[in-house]
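Summary of structural features
One-letter residues, chain by chain:
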Amino acid sequence: MTLKKLSAVTGLVLSAIAIPASATEPDSRRVKGVETLERITGTAGNNVVKSLSDISPELGEWIVDFAYGDVFSRPGVALCTRELATIAALTALGNAQPQLKVHIEGALNVGCKPEEIVEIIIQMAVYAGFPSALNGISAAREVFAKRGIKIVAAPSE
């Protein structure tokens, strides 16, 4: 029996027992997710996923497959824009400092300017409050210092 016929038969058998044939094929989501995660976070994202392997490997898989394979890798919006949106959301949450730092690093990795990052965080003072914006600026300051990035404050108008 040829591989094509075997695949068709296998698909029929699996569909008969309610398992989609695609569940047995390599998942392109995972491939796209790993590529996108590495492009944005470098090794930091992989380290997070690996750190989950002993207690919740599924959570790491969901991060790769869904967040990066399905959402971040979508073609409709540039990665820089996605990272700025993520920075805004994490700043607004106010309780995700480690993730915020990873995404500030990621924003820089995909071409966002430090000044854009600071402006997005400042805007969150309006919607999420000054404490959240102050924490966001603190996270940005740490990431910029680690990378040797110096920012000149924008003049007030």
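First, a word on scope: everything that follows refers to the structure included in this document. Per-chain numbering applies: the sequence of each chain, read as written, is numbered from 1 onward. The predicted nature of this model means local features are confined to residues of pLDDT at least 70 and side-chain atom pairs, given and counted, to a pLDDT of 80 or more, with totals for whole chains, interfaces and linings taken over all residues. Each side-chain value is derived from all of the structure's non-hydrogen atoms; neither hydrogens nor water enter the calculation.

Describing the nonpolar core
The criterion is simple. A nonpolar core is a set of buried Ala, Val, Leu, Ile, Met, Phe, Trp, Tyr and Cys residues joined through side-chain atoms within 4.5 Å. When accessible area is computed with a 1.4 Å probe and restricted to protein chains, residues below 20% of their type maximum are described as buried, those above 50% as exposed, and intermediate ones as partly exposed. Among the nonpolar cores identified, the biggest contains 24 residues, and Ile87, Ile104, Ile117 and Phe144 are the most heavily contacted of them. Listed by contribution, the elements that provide at least two residues to this core are helix H2 (28–41), helix H4 (57–72), helix H5 (79–93), helix H6 (97–109), helix H7 (114–128) and helix H8 (130–147). Secondary structure is summarised from DSSP: a helix means a run of H or I of at least four residues, a strand means a run of E of at least two, and numbering begins at the N terminus for each. The greatest single-element share of this core, amounting to 5 residues, is contributed by H5. Note on contacts: a residue pair qualifies if any of its non-hydrogen atoms lie within 4.5 Å across the two residues. Beyond its immediate chain neighbours, meaning those up to four positions away, Ile104 contacts Ile87, Ile117, Ile121, Gly136, Ala139, Ala140, Val143 and Phe144.

Description of the pattern of salt bridges
Two side chains with opposite charge may pair up if their charged atoms get near one another. Salt bridges are defined as contacts in which a side-chain nitrogen from Lys or Arg sits within 4 Å of a carboxyl oxygen from Asp or Glu. Taken as a whole and judged by the stated rule, the model has 5 salt bridges. The closest approach of N and O atoms between Arg29 and Asp70, which form a salt bridge, is 2.8 Å. Here Arg29 is found in helix H2, whereas its partner Asp70 is found in helix H4, with 41 residues between them in sequence. Using a relative accessible area of 31% as the deciding quantity, one classes Arg29 as partly exposed. In this structure, Lys101 engages Glu142 in a salt bridge whose closest nitrogen and oxygen atoms are separated by 2.7 Å. Residue Lys101 is located in helix H6, and its partner Glu142 is located in helix H8; the two are separated by 41 residues in the primary sequence.

What to know about the environment of Ser138
Inspection of the secondary structure assignment puts Ser138 in helix H8. As a C-alpha pair, Ser138 and Gln97 span 41 residues in sequence and 9.3 Å in three-dimensional space.

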